[in-house]
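# Inside the fold
One letter stands for each residue in the lines below.
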Amino acid sequence: METESEPYVRLATLRQLHQVVAELNTARSLADTLQTVVDGIVVGLGYELACVNLVRPDGDLVVAAFAGDPAAEALITGRVGSRASWERRLTMGESWDGLRFIPHTEGWVLLEDDVPQWHTDGPDPRFADEWHPEDRLYAPMYASGGELLGVISVDRPRNGRRPGAWGREALQMYAFQAAIAISNARLRANMQRALVRLEREQQALRASEESFRQAFEYAPSGMAIAEMGGDQHGRLLRTNDALCRLLGRPASVLRRYSFSDLVHPEDIGTLLRTSAEGGRAELRLGRRDGTYVWVSLRNSVVADAADGPRFLLTHVEDIEERKRHELQLAHRASHDSLTGLPNSAELRSRLGARLCRRPQSVRATAVEALDAAYEGHGAHGGQGAHAGHGAYAGGGTEAGGAVGEHGFRPDAYPEPFEYPGAPAVPAPGAPGVPGPGGPGAGPYDHHVHAVAPASDVDDGTKGLAVLFCDLDGFKSINDRFGHHTGDAVLIEVARRLTTGVRDGDTVARLGGDEFVVLADGLGAADAADLAVRLRNAIIPPIRVDGRAVRVGASFGIGWASCGMSADEVLRSADQRMYIEKRSRSKAHRRAG
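What you are looking at is a predicted structure, and each value in this text was computed from that prediction instead of being measured. (Residues numbered from 1 in each chain as written. Predicted model: local features only at pLDDT ≥ 70, side-chain atom pairs only at ≥ 80, totals over all residues. Heavy atoms only, no water.)

## Notes on the sheet that holds strand E15 (residues 514–522)
One open sheet holds the four strands; their spatial order is E14-E15-E13-E18, and the pairing between them is antiparallel. Where the open sheet ends on each side, the last strands, each with one partner, are strand E14 (506–511) and strand E18 (552–560). Here the strands of the sheet are splayed against their neighbours by 25° on average, with no regard to which way each runs. Relative to E15, E14 runs antiparallel, the two being bridged by five bridges. Within E15, the position partnered with Thr506 by the bridge is Leu518. Here helix H15 (residues 483–499) sits on the sheet in contact with strand E13 (463–472), E14, E15 and E18, set at roughly 5° to E15. The sheet contacts of helix H17 (residues 566–582) involve E13, E15 and E18, and relative to E18 the element is tilted by about 140°. (Pairing = 2+ DSSP bridges. Helix = DSSP H or I, 4+ residues; strand = E, 2+ residues; numbered from the N terminus. Axes fitted to C-alpha atoms, helices over the stretch in contact; angles between N-to-C directions. Contact = heavy atoms within 4.5 Å.)

## Some points on the pairing of strand E10 (residues 280–286)
If a strand is regular, its side chains alternate between the two faces of the sheet. With five of seven residues buried, E10 lies mostly within the body of the structure. Inspection of the sheet shows E10 paired to strand E11 (residues 292–303) by seven bridges, in the antiparallel sense. Across the sheet, residue Gly286 finds its bridge partner in E11, namely Tyr292. The hairpin turn running from E10 into E11, its antiparallel successor, is five residues long, and Gly290 in that turn takes a positive phi close to 90°. (Buried < 20%, exposed > 50% of the residue type's maximum accessible area, 1.4 Å probe, protein only.)

## Thoughts on the environment of Val295
Looking at where Val295 falls in the secondary structure, it is placed in strand E11. You can call Val295 buried: its relative accessible area is 0%. For the pair Val295 and Lys323, spaced 28 residues apart in the sequence, the C-alpha separation amounts to 9.1 Å. The residues contacting Val295, other than those within four sequence positions of it, are Leu246, Ala281, Glu282, Leu283, Leu285, Val316, Glu317 and Ile319.

## With respect to the packing of H15 against helix H16 (residues 524–538)
Look at H15 against H16: their axes get within 9 Å of each other, and the N-to-C directions meet at 145°. Along this stretch, H15 crosses H16, giving a crossing that reads as right-handed. In this structure, H15 uses Val493, Arg496 and Leu497 to contact H16, whose residues at the interface are Leu534, Ala537 and Ile538. For the contact of H15 with H16, the per-class residue count stands at five nonpolar, no polar and one charged. (Left-handed = near helix turned anticlockwise from the far one by under 90°. Nonpolar A, V, L, I, M, F, W, Y, C, P; charged D, E, K, R; others polar.)

## Remarks on unusual backbone geometry
Notably, Arg156 is not glycine yet its phi reads approximately 55°, a positive angle. Topologically, Arg156 is positioned in strand E7 (residues 148–157). Arg156 sits in the partly exposed class, given a relative accessible area of 25%. Of note, Asp545 is a non-glycine position whose phi angle comes to about 55°, a positive value. The residue Asp545 is located in the loop between strand E16 (542–544) and strand E17 (547–549) in this model. When its relative accessible area of 62% is taken as the criterion, Asp545 is described as exposed.

## Focus on H15
For H15, with 17 residues, the first-to-last C-alpha span of 24 Å sits near the 24 Å given by 1.5 Å per residue. The set of residues buried in H15 consists of Thr485, Gly486, Val489, Leu490, Glu492, Val493, Ala494, Arg496 and Leu497. (Expected span 1.5 Å × (residues − 1).)

## Remarks on the pattern of salt bridges
Applying the stated criterion to the full structure yields 32 salt bridges. Residue Arg126 pairs with Glu130 through a salt bridge whose shortest N-O separation is 3.7 Å. The partner of Arg502 in a salt bridge is Asp505, and the shortest N-O contact between them spans 3.0 Å. By relative accessible area, which is 11% here, Asp505 ends up buried. Members of the salt-bridge network, linked through shared partners, are Glu282, Arg322, Lys323 and Glu326. (Salt bridge = Lys/Arg side-chain N within 4 Å of Asp/Glu carboxyl O.)

## Focus on the confidence of the model for the protein
In the predicted model, the protein carries a mean pLDDT of 80, and the fraction of residues at 70 or more is 78%. The low-confidence segment residues 1–5, where pLDDT is below 50, has 13 contacts with residues more than four positions distant or belonging to other chains. (pLDDT = per-residue confidence, 0-100.)

See the structure below:
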């Protein structure tokens, strides 16, 4: 390449080296950088052939760039040599500092390995430092961490001689700069790929956010995003149009509330029991007009980012129509389809709810049981719980009768009450039987027991009256005018009975032409007066299709008492009704 006695050659080579190194840093892509490396060797370092063998991710080396001979470039570019073969080459021959020279006298053993190579035949060297076509010179390139990046391979110096000390140093310096340029090009390529990937991810995120926004805003059912955790847990941050329409409130107003502010007071427990992850609940939410709508809430947790704040996404579905159908089905199951009154099953359910299995054996004990039931719930007023109901006839205490604060006279029934077939019941406080509200109290010691008057004489005792009503003369109307007229009569009788009782009382149709009235808080005189007034309400003529028909009514008054079953109470009232019916002549039954 040059002789040591020619310093001006070194200076020219140094200038060329500086120029080609500068061009390394102008290349943009990795491919451009690799091609610039081999072109610089051919142009600036005086070799006719040069190639770069680049280390692949799997460790093998591929011919990534070639310069100097188009035929050789087409032949070996892209071909791969194994890492083991390259390591063998870089450990044999002569070490020229950072370079590796394999003379043709040793290189013949490499002819059969898998490293891509190009060489031409030629005569043997005529002097010691003459270059032979089968000589090999390699310049390994290492990254800053010491790992191998690739190997520069050069061939055929233009001066025909092996490089001297200055030429070797120049090639070694160039390989060092080429390694830096390749590392920078790889870094730029990785950054570009990362930027492209980030841009794609951002585009996908924006598309996902837009898709979520459209799905949220234009969902046919209500959607809401609420805060999760902290002092503002549950506060609504965002609502869609469907939820605003459902609740009759604009989004700006809804942002002032949480679901706990909107839920029906009876459903607040249901809301609090609903878990955040996959929680479901059916409850009522308040609307702007003060009404409530049945909805189904379904919760899920979403986050803005991997470690970002979490929010509660709630899907609100309007189930008002379904709930209405469910209530209608439940009403049909528990009410008579003709009159709309509670049916036999509902009547027994309501009656059974007032009864317990323990009979009230002593009248004074009933007062104690009531006192125990209300104990701890505030001071007693001057009037008892039943007195507040108000009797139909304004019944109260009789003159000279001492009445307890719950409407009972403790001295009215000194003897235990017994009914046929009732088992003997030990008095409260006896061994094994806890007193009312005392230690070891049973499941019905805090139950307000139903108590029956002892006779038809009003002694001030208030109880649950069961009025059994059977229509007189209804069968003849049914037979004479048909079922259409009979149904109209039953509907009108049901209306008159319902009109004649208080709001808290129950009027039920037991079946056929039989009705039952449950009226709580009545004395014996009150119940008798109620039966008379209901009978008088039934007997006026009923007009059906322009025809006036009349029916009478027979009433039997029974009393619900703890220790009896619902069927026993109804049977007792039914028996009293038949006694009352037989006591009146047929002529007077329909007239009342």
